[in-house]
Amino acid sequence: MDMFVKKRIKAIQKGDQNAYAEIVELYKDKVYRLCYRMLGNRHEAEDAAQEAFIRAYVNIDTYNPTMKFSSWLYRIATNLSIDKLRKKKPDVYLDEEVRGTEGLTVYSQLPAKEASPEDTVESLELQETVQQAIEKLPEKYRSVIVLKYIEDLSLQEISEILDLPIGTVKTRIHRGREALRKHLGHL
């Protein structure tokens, strides 16, 4: 896949916009999920993901081909999400899902394994509780927790995305887990 991406990037740098559409198609879901986990809001995540792709396109000439493209793109998306968190004002969207309503969350869109309705509700409530706990974390811990446990990235990739030493990433993951334990200690 890396060779495919590198070929597409070379085509983009030569002016082929269709090549960029293929890159967007390849990474759109992952970038959206990353932004959603960071921001906790579907609309803001869509905006951040779209802006990340625009920034990546505009700055494609600054991409270092020795680095994984996905790490570079995730770094852009993570930084945009952190910026949005810093500037965040209370927003209300009329079509936003209502918290605590049965079956009206993003999690309900995941394929189910023939679970009973009670198990489904419990699972949704647990996922909502964990997401709320993640949202309460300071952004420096939230970003590493989302990248490590939600996006399943390696310590090296997280280090590259956040431009932090691996030791700092490990420390933040540990402290983020401890903070989550405190928030979720009642479970």
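Residues numbered from 1 in each chain as written. Predicted model: local features only at pLDDT ≥ 70, side-chain atom pairs only at ≥ 80, totals over all residues. Heavy atoms only, no water.

- Labelled according to an unreviewed UniProt entry, the chain appears under the name RNA polymerase sigma factor SigW, originating from Anoxybacteroides tepidamans.
- In its Sequence similarities (unreviewed entry) section, the UniProt record describing the chain reads: "Belongs to the sigma-70 factor family. ECF subfamily." (UniProt positions renumbered as here; feature names shortened; annotations may be inferred.)

### Re the environment of A19
Alright, step 1. Along the polypeptide, A19 turns up in helix α2 (residues 17–39).
Alright, step 2. Excluding its chain neighbours within four sequence positions, the residues that come into contact with A19 are R8, A11 and I12. (Helix = DSSP H or I, 4+ residues; strand = E, 2+ residues; numbered from the N terminus. Contact = heavy atoms within 4.5 Å.)

### Quick look at the environment of Y27
Alright, step 1. Here Y27 lies in helix α2.
Alright, step 2. Judged by relative accessible area, Y27 falls into the buried class, the value being 5%.
Alright, step 3. Leave out the neighbours within four places in its chain, and Y27 touches V5, F53, F69, S70 and L73. (Buried < 20%, exposed > 50% of the residue type's maximum accessible area, 1.4 Å probe, protein only.)

### Here's the deal with unusual backbone geometry
Alright, step 1. Of note, the phi angle at D152 is positive, near 60°, even though the residue is not glycine.
Alright, step 2. In this fold, D152 is placed in the loop between α6 (139–150) and α7 (155–162).
Alright, step 3. Its relative accessible area of 65% is what places D152 among the exposed residues.
Alright, step 4. For D163, which is not glycine, the phi dihedral falls at a positive 55°.
Alright, step 5. Relative to the helices and strands, D163 is located in the loop between α7 and α8 (166–183).

### Notes on the environment of L26
Alright, step 1. Structurally, the position occupied by L26 is in helix α2.
Alright, step 2. A relative accessible area of 33% means that L26 is categorised as partly exposed.
Alright, step 3. When the C-alpha atoms of L26 and V5 are compared, they prove to be 9.2 Å apart, with 21 residues separating the residues in sequence.

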